[in-house]
Amino acid sequence: MKYFRFHGNCFIVKGATQALVYDLFKSRTIDISLQFAMLYESRFLIDTYDEVLESHKQWKEPIIKLINFLIDNDFAFFTHEPENFPQLDIKFNNVKRIYSSVIELDTKSLQLYEALIENLLSFDCQFFCLIVSEDVYDHEEFEKLLGIFKESRAKWVQVIMKRPYLDFKELKQVTHDMRIVYKIYDAPKDKTIKDRWWLEESPHKFDIVEYISDSFDLRIKSKYGIEHFYPTQDVFLESQNHNPFFNLKVCIDKAGNFKNDLAFDESFGNFKTRSFHDLLKDESFKKLWYIKNDKIEKCKDCQYRYQCLSNSNIKEIEGKYFKIDSCNFDPYQNVWI
Ligand code: SF4
């Protein structure tokens, strides 16, 4: 007896009018109709392929066509032993206390951040974004600060400069750690200069320094759309119980205030006077970590909810959650407006 099955790493997510299949191994998705998603859950998971087709004679042709398409694209398969192909366990078992941090540096007091970064590393933080929004006066201290990551378990450090405060030569001197990458905004549009920085002087032959001619905007809103989603296994798993943008993230503004996002007004004490230990006990700071898309109006009906890293703040009205910066997707019509 032949059964139709999605691979154990492929999960159906139903929206109000459309469904998506998430392939967690290949970080990709594919559209399927809501009707087919429901047919799969109510019939294909129980009955044989032939039994389901027999009871849906009028739709037989499009169903066969879709199933063949899913199999050809490696989302699904036929089997005579469906019990031998269980679904992947999607429990999110992150034991980290802080996963990522965003710090806007006060470059006049760089020495203050040495202990802060050491502290974040001791709390398991692996992803760092350091924002430089004024001249780097003390190159040696800056070098010392970035040097802390050398012996650490940090996976990735991004240094964002609002302007090219340091040129390529100076950056090269600051670090040779390939986990540290630079994004430099407001770079001159002069192509000769960009080429010189990018191609000839880069010892690594890849974009360890990325020059952008646009201005840096701390309050920039998330971009929405298929090309801006992250259908990765990590985001999917985290989204089951958390808000994947805010969860396990600590942001610190230039004055040293703890925030959920640098663009938000609300703060939760200052790193100069409050410990991470104490911050992590503060439920008001962690509130956004637990407002997953499933709990937010409109998002809970959207098929993209387990791959959407929206940085919008969330407001509560009469016990319901809403994103303040609503996106331009309408899950009830399945259209981008
Ligand atoms: S913000 Fe909400 S509705 Fe918009 S794409 Fe993301 S999950 Fe869907």
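Cut-off values and rules
Residues numbered from 1 in each chain as written. Predicted model: local features only at pLDDT ≥ 70, side-chain atom pairs only at ≥ 80, totals over all residues. Heavy atoms only, no water. Buried < 20%, exposed > 50% of the residue type's maximum accessible area, 1.4 Å probe, protein only. Helix = DSSP H or I, 4+ residues; strand = E, 2+ residues; numbered from the N terminus. Pairing = 2+ DSSP bridges. Axes fitted to C-alpha atoms, helices over the stretch in contact; angles between N-to-C directions. Parallel < 35°, antiparallel > 145°, perpendicular 65-115°, else oblique. Contact = heavy atoms within 4.5 Å. Nonpolar A, V, L, I, M, F, W, Y, C, P; charged D, E, K, R; others polar. Phe/Tyr/Trp six-rings, centres within 6.5 Å; stacked < 30°, edge-to-face > 60°. Lys NZ or Arg CZ within 6 Å of the ring centre and 35° of its normal. Polar contact = N/O pair within 3.5 Å; in protein donor to acceptor, adjacent residues only side chain to side chain.

Even after reading the chapter, I still don't get the pairing of strand β2 (residues 10–14), so can you show me in this structure?
On a regular strand, each side chain points to the face opposite its neighbour's, so the side chains alternate between the two faces of the sheet. Taking burial as the measure, the 5 residues of β2 include 4 buried ones, the bulk of the element. Strand direction decides the pairing type here: β2 and strand β3 (residues 18–23), joined by 5 bridges, are antiparallel. For Cys-10, the partnering residue across the bridge sits in β3 and is Asp-23.

What exactly am I supposed to notice about the packing of helix α1 (residues 34–44) against helix α3 (residues 60–72) here?
Relative placement of two packed helices is described by the angle separating their axes and the distance separating the axes. Orientation of α1 relative to α3, taken along the N-to-C sense of each, is 90°, at an axis distance of 12 Å. It follows that α1 is roughly perpendicular to α3 by the angle criterion. Note on element contacts: α3 touches α1 through Ile-63, Leu-66, Ile-67 and Leu-70, opposite Phe-36, Leu-39 and Phe-44. Residue composition of the contact of α1 with α3, grouped by class: 7 nonpolar, no polar and no charged.

Please clarify how the packing of aromatic side chains should be interpreted in this entry.
All told, the structure shown has 29 aromatic pairs when counted by the stated rule. For the ring pair Phe-36 and Phe-44, a centre distance of 6.0 Å and an interplane angle of 45° mean the geometry is tilted. For the ring pair Phe-245 and Phe-246, a centre distance of 5.1 Å and an interplane angle of 90° mean the geometry is edge-to-face. The class of Phe-245 is buried, set by a relative accessible area of 19%. Among the residues examined, Phe-246 registers a relative accessible area of 1% and is labelled buried. A connected cluster of aromatic rings, assembled from ring pairs, spans Phe-4, Phe-6, Phe-36, Tyr-40, Phe-44, Tyr-49 and Phe-78. Taking NZ or CZ as reference, Arg-97 lies 4.4 Å from the ring centre of Phe-123, over its face. The residue whose ring lies beneath Lys-249 is Phe-245, and the NZ or CZ to ring-centre distance is 3.6 Å.

Just checking my understanding: could you explain the sheet that holds strand β10 (residues 209–211) for this structure?
Strand pairing within a sheet occurs via backbone hydrogen bonds; the two strands may be parallel or antiparallel. Within the open sheet, the 7 strands sit side by side as β10-β9-β8-β7-β6-β11-β12. Their pairing is mixed. Only two strands of the sheet have a single partner each, and these edge strands are β10 and β12 (258–259). For strand β7 (residues 127–132) and strand β8 (residues 156–161), the ladder comprises 6 bridges, and the chain directions are parallel. The partner of Ile-131 across the bridge, within β8, is Ile-160. Taken strand by strand, helix α4 (residues 112–122) contacts β6 (100–105), β7 and β11 (249–252), and its axis lies near 175° from that of β6. Relative to the sheet, helix α5 (residues 139–147) contacts β6, β7, β8 and β9 (180–184), its axis offset from that of β8 by approximately 155°.

I keep staring at unusual backbone geometry and nothing clicks. Help me out?
The bulk of non-glycine residues show a negative phi, and the bulk of peptide bonds are trans. The phi dihedral of Ser-27 is positive, around 50°, even though this residue is not glycine. Inspection of the secondary structure puts Ser-27 in the loop between β3 and β4 (28–33). Here Asp-124, not a glycine, exhibits a phi torsion of approximately 75°, which is positive. Judged by its relative accessible area of 22%, Asp-124 falls in the partly exposed class.

Explain α1 here, please?
Residues spaced three or four apart along an α-helix face the same direction, because each turn holds 3.6 residues. Inspection of α1 places Leu-34, Phe-36, Ala-37, Leu-39, Tyr-40 and Phe-44 among the buried residues, and these make up the whole buried set. Considering only its buried residues, α1 is in contact with β1 (3–6), β2, β3, β4, α2 (49–55) and α3.

It is not clear to me how the side chain of Asp-23 should be interpreted in this structure. Could you clarify?
Its place among the elements puts Asp-23 in strand β3. A distance of 3.1 Å separates a polar atom in the side chain of Asp-23 from the backbone nitrogen of Phe-25. Among all residues touching Asp-23, those that are not within four sequence positions of it are Asn-9, Cys-10, Arg-28, Asp-74, Phe-75 and Pro-231.

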